[in-house]
Amino acid sequence: MDGNVTTRSNVTSDGLDTLSSPILDKSFRILIVSIIILVIVAAVCGNLLVCVAILFNKRLRKTTNYFIFSLAISDLMTAFFAMPFDVKFLLYPYQWSGGEFLCNFWAFMYLIAAPTSILNLMAVSLDRYLAISTPLKYYTLMKPKVALLIISIIWLYSLTFTTAGMVRWPHVESSVINGLCIFNISPYYSVVSSAVNFLLPTMIMCVIYFQIYKIASAHAHRIAKQEVPTSVASNSNEDSATTTSEKKRIKRNIKAAKTIAIIVSTFLLCWIPLTLTSTVGSLCRECLMVNAELWTALIVLAYMNSAMNPILYSFFNQQFRESFKKLFKLQFTFR
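These lines cover the structure that appears in this document, whether it is placed above or below.

Reading the values: rules and limits
- Here the residue index of a chain counts from 1 through its sequence in written order.
- Since the coordinates come from a predicted model, pLDDT governs what is reported: local features require at least 70, and pairs of side-chain atoms require 80 or more to be given and counted, while whole-chain, interface and lining totals use all residues.
- In computing side-chain properties, one takes all heavy atoms of the structure into account and sets aside hydrogens as well as water.
- Think of it this way: any DSSP run of H or I at least four residues long counts as a helix, any run of E at least two long counts as a strand, and we number them from the N terminus.
- Each helix should span, by expectation, one fewer than its residue count multiplied by 1.5 Å.
- Only protein chains enter the accessibility calculation, which uses a 1.4 Å probe. A residue is then buried if its area is under 20% of the maximum for its type, exposed if over 50%, and partly exposed in between.
- Criterion for a disulfide: a pair of cysteine sulfur atoms at a distance within 2.5 Å.
- Any two residues whose heavy atoms approach within 4.5 Å at even a single point are treated as in contact.
- Joining through side-chain atoms within 4.5 Å is the link that ties buried Ala, Val, Leu, Ile, Met, Phe, Trp, Tyr and Cys residues into a set, and such a set is a nonpolar core.
- Axes here refer to lines fitted to C-alpha atoms; in helices the fit is confined to the stretch in contact. Angles between the N-to-C directions go from 0 to 180 degrees.
- It is the rotation of the near helix from the far one that decides the hand of a crossing: anticlockwise by less than a right angle makes it left-handed, clockwise makes it right-handed.
- Three classes are used, and their members are as follows: Ala, Val, Leu, Ile, Met, Phe, Trp, Tyr, Cys and Pro are nonpolar, Asp, Glu, Lys and Arg are charged, and the others, Gly among them, are polar.
- Salt bridge, as used here: a side-chain nitrogen of Lys or Arg that lies within 4 Å of a carboxyl oxygen of Asp or Glu.
- Only rings of Phe, Tyr and Trp enter the pairing, Trp through its six-membered ring, and a pair is recorded when the two centres are within 6.5 Å. The plane angle decides the type: under 30 degrees is stacked, over 60 is edge-to-face, the rest tilted.
- Distance and chemistry together define a polar contact, namely a pair of N or O atoms within 3.5 Å, with one atom able to donate a hydrogen and the other to accept it when in protein, and with adjacent residues in sequence counting only for side-chain atoms on both sides.
- Each patch is built from residues lacking any salt bridge and having more than 30% relative accessible area; the joining distance is 9 Å for like charges and 5 Å for nonpolar side chains (Val, Leu, Ile, Met, Phe, Trp, Tyr).
- Only the protein chains shown count as cover for residues, and all accessible areas are computed by the Shrake-Rupley method using a 1.4 Å probe.

### As for helix α6 (residues 144–168)
Now for step 1: Counted at 1.5 Å a residue, the expected span for α6 with its 25 residues is 36 Å, and the 35 Å between its end C-alpha atoms agrees.
Now for step 2: Listed as buried for α6 are A147, I151, I154, W155, S158, F161, T162, G165 and M166.

As structure tokens, this is what we get:
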């Protein structure tokens, strides 16, 4: 997402490094490294916990959580294969020894993080919209096979888009210049990537949640007045039970939508500063001069999102919270 304006990728068309601050202050580097290490540990432990909970808890094996599982895999890949390189870069600036392959691998894992995450969030948002807007058709429309197909398309698209950008539109000939690993992609590709893989899904999700809000408001108004669908009679005990069941289902779906909305909002808060700064910097380098310290802080903010999702699940989702507790108890039992 970040084009060619990061602290490890600021290169001009002639390949010369244009870092505004060649080497970050030592105390700042130690602080950032400490934060990234904490984020790595939290992201790995938390997202592994999410994956294990979904795999071993039948109650969590629902189509919505298929997308959550895919999102956790994306966060794990970022924590395992992107963040450690940032630690190495900060500890040993201008001493890249991994060669072209590892440099490009780092860029690839970093660039694939945001598209896969936001597309999975868009898919789960659409899933919640269908559950609320068409509850009777939901289980017909969103079968497990359909969810798995959507997830496969998301990953295939993200892999293809990222690979094409790196292979077909490199910015300079070499990804390693003067001991510095650069993210060697065209600034034009960076702008297109930000627009297609971030701004567009964001706008779509805003529309989806506006529609969810309208439907939820209508449901809440109807429940408050104790209204039921015209096809449901309100006199019999059977119909009364049906009404109660419907109310519970509506409240459950609305609560789930709110949880996903919080997760989406957190993602956007973490990634928007970096994406907008990158996009403006790619379009007009002279318009926005960002020093290395601020840019590094923006990258760390984006990385922090990988550790936040499991915390949000445990805080807002009772089933995840109970499953996490059971896993912890099982761990201590085996000890």
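Let's pick the thread back up.
### Observations regarding the state of the cysteines
Now for step 1: Across all of its chains, the model carries one disulfide by this definition.
Now for step 2: The residue that forms a disulfide with C103 is C181, at a sulfur-sulfur distance of 2.0 Å. Negative torsions about the S-S bond denote left-handed disulfides, and the value of about 95° found for C103 with C181 makes this one right-handed. Highlighted residues: C103 in helix α4 (residues 99–133) and C181 in strand β2 (residues 180–181), separated in sequence by 78 residues. Exposure class is identical for C103 and C181. Each is buried.

### Quick look at the side chain of T279
Now for step 1: Residue placement: T279 occurs in helix α8 (residues 237–283).
Now for step 2: Judged by relative accessible area, which is 14%, T279 ranks as buried.
Now for step 3: Those residues in contact with T279 that lie beyond four places of it in its chain are V191 and S194.

### Observations concerning the nonpolar core
Now for step 1: If you look at the biggest cluster of nonpolar residues, it comprises 91 residues, and the most contacted ones within it are W106 and W271.
Now for step 2: Residue contributions to this core peak at 17 residues, all from α4.

### A short note on the packing of helix α2 (residues 63–81) against helix α9 (residues 292–316)
Now for step 1: Where α2 contacts α9, the axes come no closer than 9 Å and their chain directions differ by 140°. The two elements α2 and α9 meet at a crossing, and its hand is left-handed. Across from I68, L71, D75 and T78 in α2, the residues of α9 making contact are Y303, S306, N309 and Y313.
Now for step 2: Of the residues contributing to the contact of α2 with α9, the split by class is four nonpolar, three polar and one charged.

### With respect to the pattern of salt bridges
Now for step 1: This structure, assessed with the given rule, holds two salt bridges.
Now for step 2: Salt-bridge contacts for D127 lead to R128; the nearest nitrogen and oxygen are separated by 3.0 Å. Residue D127 shares its accessibility class with R128, and that shared class is buried.

### A short note on the packing of aromatic side chains
Now for step 1: In total, this model carries 18 aromatic pairs according to the counting rule given.
Now for step 2: Put simply, the rings of F80, F81, F85, F89, W96, F101, F105, W106, Y110, F183 and Y303 touch in pairs and so form one group of aromatic residues.

### Observations concerning the environment of S133
Now for step 1: Looking at the secondary structure, you find S133 in helix α4.
Now for step 2: Overall, the relative accessible area of 26% leaves S133 in the partly exposed class.
Now for step 3: A C-alpha to C-alpha distance of 6.9 Å links S133 and I215, two positions 82 residues apart in sequence.
Now for step 4: Side-chain polar atoms of S133 contact the backbone oxygen of Y129, separated by 2.7 Å.

### Here's the deal with the side chain of S70
Now for step 1: Structurally, S70 is set in helix α2.
Now for step 2: Judged by its relative accessible area of 5%, S70 falls in the buried class.
Now for step 3: Among residues more than four places away in sequence, those in contact with S70 are N120, I151 and W155.

### Section: a nonpolar patch on the surface
Now for step 1: Judged by side-chain polarity, L199, L200, M203, I204, I272 and L276 come together as a nonpolar surface patch covering roughly 490 Å² of accessible area.
Now for step 2: At the level of secondary structure, the elements contributing two or more residues to the nonpolar patch comprise α7 (187–224) and α8.
Now for step 3: Position of I272 relative to the elements: it lies in helix α8.

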